[in-house]
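As a plain string of letters, each chain reads:
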Amino acid sequence: MNYHNITKEDMLNGDGIRVVLWVSGCDNRCNGCHNPITWDKEGGLPFGRNTENELFEALSRPYIEGITFSGGDPMMSYNRDEVMRLVKKCRSDFPNKTIWLYTGLLWEEIKDIKGIELIDVIAEGRFVEELKDNNLKWVGSSNQRVIDVKKTLEIGSIVLHA
């Protein structure tokens, strides 16, 4: 897996102050995407042990609320295994921090992925430029949903994050 950046103090991609891992690669290539530089899965830098150490060191700071996986798209087939390994490690090492994930895929396409229950919030759906709404919280177009994963899995129907 390649990545473009680690943002160590972010307040735009989930609740509170967060660490964000921006992965490389997105096959959706939505018109009007705010981050097209991340579309190329070969772009950015290889994600290795030193990068992982940097990520978890940033996450260990007491004022950090949690981690957000974005990009690109963390749920693309070529990113998914590594992202889910990191999700599992985050949950194990930092059980009280929240995990957010942004994907252009729909909940219905990813809900059965092993380990998905370890993620707290998933912002899902392709960005649709014609549905762009700057008043939305956490997403850019009105077709996208911000899903509370634990509540959704508990009751069996989608519960949106408040």
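Each residue is numbered by its place in its chain's sequence as written, counting from 1. Per-residue local features of the predicted model are confined to residues with pLDDT of at least 70, and side-chain atom pairs are confined, for both listing and counting, to 80 or more; whole-chain, interface and lining totals are unaffected and use all residues. Side-chain measures here rest on the full set of heavy atoms in the structure, leaving out hydrogens and waters.

Novice: Looking at this structure, I do not really get the pattern of salt bridges. What am I missing?
Specialist: Here, a salt bridge means any Lys or Arg side-chain nitrogen found within 4 Å of an Asp or Glu carboxyl oxygen. Under the counting rule described, the total for this entry stands at 9 salt bridges. A salt bridge links Arg85 to Glu52; the nearest nitrogen and oxygen atoms lie 2.4 Å apart. With Arg85 in helix H2 (residues 77-93) and Glu52 in helix H1 (residues 49-59), the pair connects residues that are 33 residues apart, well separated along the chain. Buried residues are those whose accessible area, probed at 1.4 Å on protein chains only, stays under 20% of the maximum for their type, while exposed residues exceed 50% and partly exposed ones sit between those limits. Given the relative accessible area of 9%, Glu52 is considered buried. Numbering of helices and strands runs from the N terminus, with a helix taken as a DSSP run of H or I at least four residues long and a strand as a DSSP run of E at least two residues long.

Novice: What am I meant to see in the packing of H1 against H2 here?
Specialist: Helix packing for two helices is described by the angle between their axes and how far apart those axes are. Axis geometry follows a simple rule: fit a line to the C-alpha atoms, using only the stretch in contact for helices, then measure angles between N-to-C directions, giving values from 0 to 180 degrees. At a minimum axis distance of 12 Å, the contact between H1 and H2 shows a crossing angle of 35°. When you trace H1 past H2, the crossing you get is right-handed. Residues Glu52, Phe56 and Leu59 of H1 lie in contact with H2, whose contacting residues are Glu82, Arg85, Leu86, Lys89, Cys90 and Asp93. Ten residue types, Ala, Val, Leu, Ile, Met, Phe, Trp, Tyr, Cys and Pro, are classed as nonpolar, four, Asp, Glu, Lys and Arg, as charged, and the remainder, Gly among them, as polar. The class makeup of the residues in the contact of H1 with H2 is 4 nonpolar, no polar and 5 charged. By the definition used in this description, the sense in which the near helix is turned from the far one sets the handedness, with an anticlockwise turn below a right angle giving left-handed and a clockwise turn giving right-handed. Contacts: residue pairs with any heavy atoms within 4.5 Å of one another.

Novice: Please explain the side chain of Gln144 as it appears in this structure.
Specialist: You can see Gln144 is positioned in the loop between strand E6 (121-124) and strand E7 (145-148). For Gln144, a relative accessible area of 16% gives the class buried. Whenever two N or O atoms come within 3.5 Å, that pair is a polar contact, provided that in protein one can donate a hydrogen and the other can accept it, and provided that, for residues adjacent in sequence, both atoms are side-chain atoms. At 2.9 Å, the side chain of Gln144 and the backbone oxygen of Gly125 are in polar contact. When near neighbours in sequence (up to four residues on either side) are disregarded, Gln144 contacts Glu124, Gly125, Arg126, Phe127 and Val139.

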